[in-house]
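Summary of structural features
The chain contents come next:
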Amino acid sequence: MTAATVSAPAAPATPARRLGPTAGLRHTGTLAWRSLVQIKHNPMELLDLSIQPVMFVLLFTYVFGGAISGSPGEYLTFALPGIIVQNAFFATMTTGFGLNQDLTKGVFDRLRSLPVARWSPLAGRIVADTVKQAWSLTLLLGVGMILGFRLGNGVFGLLGAFALLLVFSLAAAWMSVLVGVLVSEPDKVQIFGFTVIFPLSFTSNAFVPTETMPSWLQHWVEVNPVTILANALRGLLVGGPVAAPVLQSLLWAAAIAAVFAPLAVRGLRRRV
C-alpha cells in the first residue's frame with residue numbers, strides 16, 4: 001500500500017502594496033530629474049530648447065521688423081510675446097516625443113515591474129517639460145531685453161506671464177501626450193507638431209497685426225488660441241488689456257485639458 005503524499009496548501013498571494021501620494025510624488029520627482037538629466041546626452045534637445053528660440057527672435061526682429069513695424073525695436077515689442085507663445089506650443093511636442101520613446105523602448109514596461117506609482121512616469125515627464133518651458137521663457141525674455149525689449153508692468157506682470165504660460169502649456173501638453181501614445185514612432189509626433197502648430201501659429205496675430213490680414217481670415221485669427229494667449233502675454237508684459245485675454249486663455253486651457261487629458265490617459269492605459 002502506497003502512502004499518499006499530502007502537499008501543504010499554497011500560501012495566498014500577498015496583495016500588491018498600494019503606494020500613497022507621498023511616494024508617488026517622490027517617484028514623480030525622480031523621474032522628472034531623469035528626464036532633465038538626459039538633456040546632456042541629447043545635444044539636439046538642447047538645440048531645440050536654447051538655440052532655436054533665440055534664432056527665431058533674431059530672424060523675426062531684424063528681417064521682418066523694419067517691414068512690419070518700421071523698426072526692429074518696435075516690432076520686437078509686438079512680436080516677442082507671440083514668439084514666446086509659438087515656442088511654448090512647439091515645446092509641448094517634446095512631451096509626446098519623449099513619452100513615445102519611453103513606450104517604444106520598453107521603459108514603461110520596466111517601470112511597471114518596480115514599486116513605482118503608475119501615474120509617476122507620465123507626471124514626471126510633464127513636470128520635466130514644464131521646467132524646460134520655464135527655461136525657454138527665461139531665455140527668450142533675456143535675449144529680448146538685451147535687444148531692447150522692456151517690461152511695461154514690472155515684476156507682477158512678469159510673474160503673471162510666467163504663470164499663465166506654464167498653466168496653458170500644461171494643458172496643451174495633453175494633446176502631445178495623446179499623439180505620443182497613439183503613434184508608433186517618435187518622429188510622427190514631430191510631424192504632428194509641424195502640420196498642426198505651424199498653421200495655428202501663423203494664422204494668428206503672433207507675428208503680424210490682425211488688421212493686416214484678409215477679412216475672411218480675421219474671424220479665425222480672433223478666436224485662435226495662439227492669438228488669445230499672445231494678447232494676454234502682451235497685456236502682462238508690455239501693457240494693454242489683461243483681464244479678458246487672460247480669462248479667455250484659461251478657458252481655452254481648461255477646454256483643451258478636459259478634452260485631451262481623458263483621451264490621453266485612456267490611450268496610455270491601453271498601450272501599457
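A word on the overall build of the chain
On a plain count of helices and strands, the chain comes out with ten helices and zero strands. Mapped from its N terminus to its C terminus, the chain presents α and β elements in the order α-α-α-α-α-α-α-α-α-α. Dimensions of the chain, computed from the C-alpha atoms along their principal axes, are close to 110 × 40 × 35 Å. Residues counted as buried form 44% of the 272 residues belonging to the chain. For the chain, the share of sequence-separated contacts (at least 6 apart) that also reach a separation of at least 24 residues comes to 78%.

Section: a nonpolar patch on the surface
A contiguous nonpolar surface patch, about 720 Å² in accessible area, is contributed by Met44, Leu47, Ile51, Met55, Leu59, Val63, Phe64 and Ile68. Among the structural elements, Phe64 can be located in helix α2 (residues 43–69).

Side note on the pattern of salt bridges
One pass over the full model with this rule turns up two salt bridges. A salt bridge links Arg125 to Asp102; the shortest N-O distance between them is 3.0 Å. With Arg125 in helix α5 (residues 120–147) and Asp102 in helix α3 (residues 72–104), this residue pair connects regions lying 23 residues apart in the sequence. The class for Arg125 is buried, based on a relative accessible area of 7%. Owing to a relative accessible area of 10%, Asp102 belongs among the buried residues under this scheme.

Let's talk about the side chain of Gln86
Its location among the elements puts Gln86 in helix α3. Setting aside chain neighbours within four positions, we find Gln86 in contact with Phe56, Phe198, Ser201, Phe202 and Phe207.

Re the packing of aromatic side chains
One pass over the structure, following the stated rule, counts ten aromatic pairs. Here Tyr75 and Phe78 contribute two aromatic rings whose centre-to-centre distance is 6.5 Å and whose plane-to-plane angle is 40°, an arrangement assigned as tilted. Note that Tyr75 and Phe78 are positioned in helix α3 at a spacing of three residues, about one turn of the helix. With a centroid separation of 5.2 Å and an interplanar angle of 70°, the aromatic rings of Phe90 and Phe198 are classed as edge-to-face. With a gap of 108 residues between them, Phe90 in helix α3 and Phe198 in helix α7 (residues 186–202) connect regions that are remote in the sequence. Through pairs of rings, three or more aromatic residues link up here, namely Phe56, Phe60, Phe64, Phe90, Phe194, Phe198, Phe202 and Phe207.

Looking at the packing of α5 against helix α6 (residues 154–182)
Close contact between α5 and α6 brings their axes to 10 Å; oriented N to C, the two are set at 135°. In terms of their interaxial angle, α5 and α6 are classed as oblique. Relative to α6, the crossing made by α5 is right-handed. Note on element contacts: α6 touches α5 through Leu158, Phe162, Leu165, Leu166, Ser169, Leu170, Trp174 and Val177, opposite Leu122, Ile126, Thr130, Gln133, Ala134, Leu137, Thr138 and Leu141.

A few points about the confidence of the model for the chain
Per-residue pLDDT for the chain has a mean of 84; in total, 92% of the residues score no lower than 70. A low-confidence stretch, residues 1–17 (pLDDT under 50), is modelled with one contact involving residues beyond four sequence positions or located in other chains.

Topic: the nonpolar core
Of all hydrophobic cores here, the largest spans 44 residues; its most connected members are Ile84, Phe89 and Leu141. Taken together, the elements giving at least two residues each to this core come down to α2, α3, α5, α6, α7, α9 (225–237) and α10 (243–271). It is α3 that contributes the most residues to this core, eleven residues altogether. Those residues in contact with Phe89 that lie beyond four places of it in its chain are Phe168, Ile197, Leu200, Val226 and Leu229. Counting residues in hydrophobic clusters, the runner-up holds twelve residues, among them Leu99, Leu103, Val177 and Leu268.

Digging into the packing of α6 against α10
One way to put it is that α6 packs onto α10 with a least axis distance of 7 Å and a crossing angle of 30°. Judged by the inter-axis angle, α6 sits roughly parallel to α10. The handedness of the crossing between α6 and α10 is left-handed.

Some points on the side chain of Thr210
Topologically, Thr210 is positioned in the loop between α7 and α8 (215–223). Thr210 gets classed as buried once you look at its relative accessible area, which sits at 14%. When sequence neighbours within four positions are dropped, the list of residues in contact with Thr210 reads Asn205, Gln218, Val221 and Glu222.

Side note on the environment of Gly152
Mapped onto the fold, Gly152 is located in the loop between α5 and α6. For Gly152, a relative accessible area of 45% corresponds to the partly exposed category. Separated by 51 residues in sequence, Gly152 and Gln101 place their C-alpha atoms 42 Å apart.

Conventions adopted
Residues numbered from 1 in each chain as written. Predicted model: local features only at pLDDT ≥ 70, side-chain atom pairs only at ≥ 80, totals over all residues. Heavy atoms only, no water. Helix = DSSP H or I, 4+ residues; strand = E, 2+ residues; numbered from the N terminus. Buried < 20%, exposed > 50% of the residue type's maximum accessible area, 1.4 Å probe, protein only. Contact = heavy atoms within 4.5 Å. Patch = residues over 30% accessible without salt bridge, like charges linked within 9 Å, V, L, I, M, F, W, Y side chains within 5 Å. Areas by Shrake-Rupley, 256 points an atom, 1.4 Å probe, with all protein chains shown as cover. Salt bridge = Lys/Arg side-chain N within 4 Å of Asp/Glu carboxyl O. Phe/Tyr/Trp six-rings, centres within 6.5 Å; stacked < 30°, edge-to-face > 60°. Axes fitted to C-alpha atoms, helices over the stretch in contact; angles between N-to-C directions. Parallel < 35°, antiparallel > 145°, perpendicular 65-115°, else oblique. Left-handed = near helix turned anticlockwise from the far one by under 90°. pLDDT = per-residue confidence, 0-100. Core = buried A, V, L, I, M, F, W, Y, C linked by side-chain atoms within 4.5 Å.

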